[in-house]
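# Residue-level structural notes
Read off the chains here:
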Amino acid sequence: MAARIRSIVQSRRALCDFVKVNPSDVAKEQEHAARHLQNFINLGEVHEEWKRAGFHPRAPLHIQKYGTLTRTKLAHHFKIFGHLLDGKVFKSAPLHVHYVNGPEVNYGNMVFPAQASHQPQVTWESEGDRKRHCLLMVSPDDHPDDSRKHFLHWMVSGITENDITTGELHAPYLPPVPYKGTGFHRYVFLLLEQDQPLVLSSPSMCSVRDRTVNVPELILEHGLTPYALAFFQSTWDEHVGPCLARELDSDEKQFGMERLKTKSEHFAEEEFMYNEWKIRNEFM
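Report on the accompanying structure. (Residues numbered from 1 in each chain as written. Predicted model: local features only at pLDDT ≥ 70, side-chain atom pairs only at ≥ 80, totals over all residues. Heavy atoms only, no water.)

### Thoughts on the overall build of the chain
If you tally the helices and strands in the chain, you get eight helices and nine strands. Taking all 284 residues of the chain together, 37% fall into the buried category. Total accessible area on the chain is roughly 18,100 Å²; 55% of this is exposed by carbon and sulfur atoms. (Helix = DSSP H or I, 4+ residues; strand = E, 2+ residues; numbered from the N terminus. Buried < 20%, exposed > 50% of the residue type's maximum accessible area, 1.4 Å probe, protein only. Areas by Shrake-Rupley, 256 points an atom, 1.4 Å probe, with all protein chains shown as cover.)

Here it is, written out as structure tokens:
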């Protein structure tokens, strides 16, 4: 307790010394605002400082001192490499994904299905080369029948000059469809470098089977090289059901946990079963 009082006294003395040494109107206003709980933080300044530190995907490349390391750590934290790429790790370049009706995708932030109902804008840093890229949007959590398989939401290949419209559409954009009661799902945008055109079958993409994919096999079969990624989380809202019916002609599934029986309910069930057994034995 004494240490706590000593700490409070020292902090008050430091505040008084600050006001005495800096008798400007700004210091006095800050001290008055802090005492009356009106010293609000300027989120715009915080955001700019965050960008300067290199943690924002749109920070310039020459100031991204820790940007690549942070993206890799976050992907590890969300188990993106383990559940989507069979544990293969790569240093991700910045990938900018922005939804018109929602927030920018910032490596694990929350985007609800209603906010992600339309195809996002995806850009990345162009190095001035003529490399072709393949863009995937996949979920390791959305597949309703097999958790070991991945669910394809969007696929465009042969993209040149950082312009998605130059590529070939293999799978039209499908918004997030996390089933009710299944918690948070991960949605990953994966940008891959390709050396040759992709020759793929052209299913209708109107069923779960058509959108089932194995990302590591796809990468190995076509010689693709992971270049950049971004990902977000989402959970169920009222837009999931209509989207499933419209895009996949599928009913919405709901999942939940079975409530455990109370002790009184357990004894009542045992008593009922015992009485049933007695009645059957009486007539035998």
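Don't stop here, the text continues.
### Focus on the packing of aromatic side chains
Tallied over the entire structure, the rule returns eight aromatic pairs. Pairing Tyr-99 with Phe-232 gives two aromatic rings, centres 6.0 Å apart and planes at 85 degrees, and the pair type is edge-to-face. With Tyr-99 in the loop between strand E1 (95–98) and strand E2 (109–110) and Phe-232 in strand E9 (residues 225–234), the pair connects residues that are 133 residues apart, well separated along the chain. Taking the relative accessible area as the measure of exposure, Phe-232 reaches 0% and is therefore buried. (Phe/Tyr/Trp six-rings, centres within 6.5 Å; stacked < 30°, edge-to-face > 60°.)

### A look at the environment of Leu-198
Positionally, Leu-198 belongs in the loop between strand E7 (185–194) and strand E8 (212–213). A relative accessible area of 7% places Leu-198 in the buried class. When residues no more than four places from it in sequence are discounted, the contact partners of Leu-198 are Cys-134, Met-155, Ser-157, His-170, His-222 and Leu-224. (Contact = heavy atoms within 4.5 Å.)

### Regarding the nonpolar core
Core analysis: the largest hydrophobic core is formed by 49 residues, its most contacted members being Leu-95, Tyr-99, Leu-136, Trp-154, Phe-189 and Leu-190. The set of elements that each furnish at least two residues to this core consists of helix H5 (80–84), E1, strand E3 (121–124), strand E4 (132–139), strand E5 (150–159), E7, helix H6 (215–222) and E9. If you look at the next biggest cluster of nonpolar residues, it comprises nine residues, including Phe-151, Tyr-179, Leu-244 and Leu-248. (Core = buried A, V, L, I, M, F, W, Y, C linked by side-chain atoms within 4.5 Å.)

### With respect to the pattern of salt bridges
Under the defined criterion, the tally for this structure stands at five salt bridges. Residue Glu-193 pairs with Lys-131 through a salt bridge whose shortest N-O separation is 3.6 Å. One end of the pair, Glu-193, is in strand E7; the other, Lys-131, is in the loop between E3 and E4, with 62 residues separating them in the sequence. Accessibility expressed as a relative area gives 40% for Lys-131, which makes it partly exposed. Among the ionic pairs, Arg-246 bridges to Glu-247, the shortest N-O distance being 3.3 Å. (Salt bridge = Lys/Arg side-chain N within 4 Å of Asp/Glu carboxyl O.)

### Overview of unusual backbone geometry
Positive phi values are uncommon outside glycine, yet Lys-79 reaches one of about 60 degrees. By secondary structure assignment, the location of Lys-79 is in the loop between helix H4 (67–77) and H5. A positive phi angle, close to 50 degrees, is found at Asp-249, a residue other than glycine.

### What to know about helix H7 (residues 240–248)
Buried residues of H7: Val-240, Gly-241, Cys-243, Leu-244 and Leu-248, and no others. Down the axis of H7, the smallest arc covering the buried residues is 165 degrees, so these residues share one side. Among the structural elements, E5 are those in contact with the buried residues of H7. Positive phi appears at Asp-249, one or two residues downstream of H7, with a value of about 50 degrees. (Arc of directions from axis to C-beta.)

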